[in-house]
Structure formats: C-alpha cells, structure tokens
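Next come the chains, spelled out residue by residue.
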Amino acid sequence: MTTVTYSVPAIHCGHCTHTIETEVGELQGVQSVKADQETRKVQITFETPASEEKIKALLAEINYPAEGLVNL
Ligand SMILES: [Cu+2]
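Here goes a summary of the coordinates provided. Fair warning: this is a prediction, and the values are worked out from it, not measured in the lab. (Residues numbered from 1 in each chain as written. Predicted model: local features only at pLDDT ≥ 70, side-chain atom pairs only at ≥ 80, totals over all residues. Heavy atoms only, no water.)

1. Considerations on the coordination of the copper ion
Around the copper ion, the protein contributes the donor atoms H12 (NE2), C13 (SG) and C16 (SG), which lie 2.0 to 2.7 Å from the metal centre. As a motif over one chain, the donors of the copper ion read H-C-x2-C. Residue class for H12 comes out exposed when judged on its relative accessible area of 56%. For C13, a relative accessible area of 24% gives the class partly exposed. (Donors = N, O, S within 2.8 Å, 3.2 Å for Na, K, Ca; no water. Buried < 20%, exposed > 50% of the residue type's maximum accessible area, 1.4 Å probe, protein only.)

As structure tokens, then:
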C-alpha cells in the first residue's frame, strides 16, 4: 500500500473535492482519497493495479492535474 499527496491547484470548492474523491475512488486499487479544499491537496492511498501514473492521468483527464508530489 502506498500513500501519496499531490498538490492540485485547480481545487476551489467542495464540488471539486467531491468530484476528485468520486472519480479517483473508482479507480481499481485505490483504497482512499481525501481532497482538501483549503490546502488544495489530495491524499491517495492505493495498491496495484493502481499506480501514480494512472492516478495522475485520471486527474489530468478530469481537469484537476496534479502539479506535484508533496513530501510529508
Ligand atoms: Cu469547485
């Protein structure tokens, strides 16, 4: 299991966080998604077959591109 936190500047309201949590949550292998409106960060816990590549591709596809990995 891997947990990553991405910076997603396109987040601006609760609708955005809901969309991200729903869409990324549907990706096979994703265990949890927490999008934060205040910090504009998304924390995702996943295992195979999900991967950082797939998650980033999906975020870009739904117009919430990840701008960078946040090191915790
Ligand atoms: Cu929004």
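2. Side note on the sheet that holds strand β1 (residues 2-7)
Each strand in a sheet pairs with its neighbour through backbone hydrogen bonds, running either in the same direction (parallel) or in the opposite one (antiparallel). If you walk across this open sheet you meet the four strands as β2-β3-β1-β4, and the pairing is antiparallel. Each of the sheet's edge strands pairs with one partner strand only, and the pair in question is β2 (30-36) and β4 (68-69). The pairing of β1 with β4 spans two bridges and is antiparallel. From the neighbouring strand, S7 faces β4, where its bridge partner is G68. On the sheet, helix α1 (residues 14-25) packs against β2 and β3 (41-46) and is oriented at approximately 170° with respect to β2. The sheet strands contacting helix α2 (residues 52-61) are β1, β2, β3 and β4, and the helix crosses β1 at an angle near 30°. (Pairing = 2+ DSSP bridges. Helix = DSSP H or I, 4+ residues; strand = E, 2+ residues; numbered from the N terminus. Contact = heavy atoms within 4.5 Å. Axes fitted to C-alpha atoms, helices over the stretch in contact; angles between N-to-C directions.)

3. Examining the nonpolar core
One finds I20, V24, V30, V42, I44, I55 and L59 to be the most contacted residues of the largest nonpolar core, which totals 19 residues. Elements represented by at least two residues in this core include exactly β1, α1, β2, β3 and α2. When sequence neighbours within four positions are dropped, the list of residues in contact with I20 reads V8, I11, G25, V33, A35, V42, L59, I62 and Y64. (Core = buried A, V, L, I, M, F, W, Y, C linked by side-chain atoms within 4.5 Å.)

4. Comments concerning the side chain of T45
Along the chain, T45 falls in strand β3. Residues contacting T45, with those up to four places away along its chain left out, are M1, T2, T3, G29, V30, Q31 and S32.

5. Description of unusual backbone geometry
The omega torsion across T48 and P49 is 10°, close enough to zero to call that bond cis. Note that P49 resides in the loop between β3 and α2. Positive phi, normally seen in glycine, also occurs at R40, with a value near 55°. Structurally, R40 can be placed in the loop between β2 and β3. Classification of R40 by relative accessible area gives partly exposed; the value is 39%. The phi angle at N63 is positive, at roughly 70°, despite the residue not being glycine. Along the polypeptide, N63 turns up in the loop between α2 and β4.

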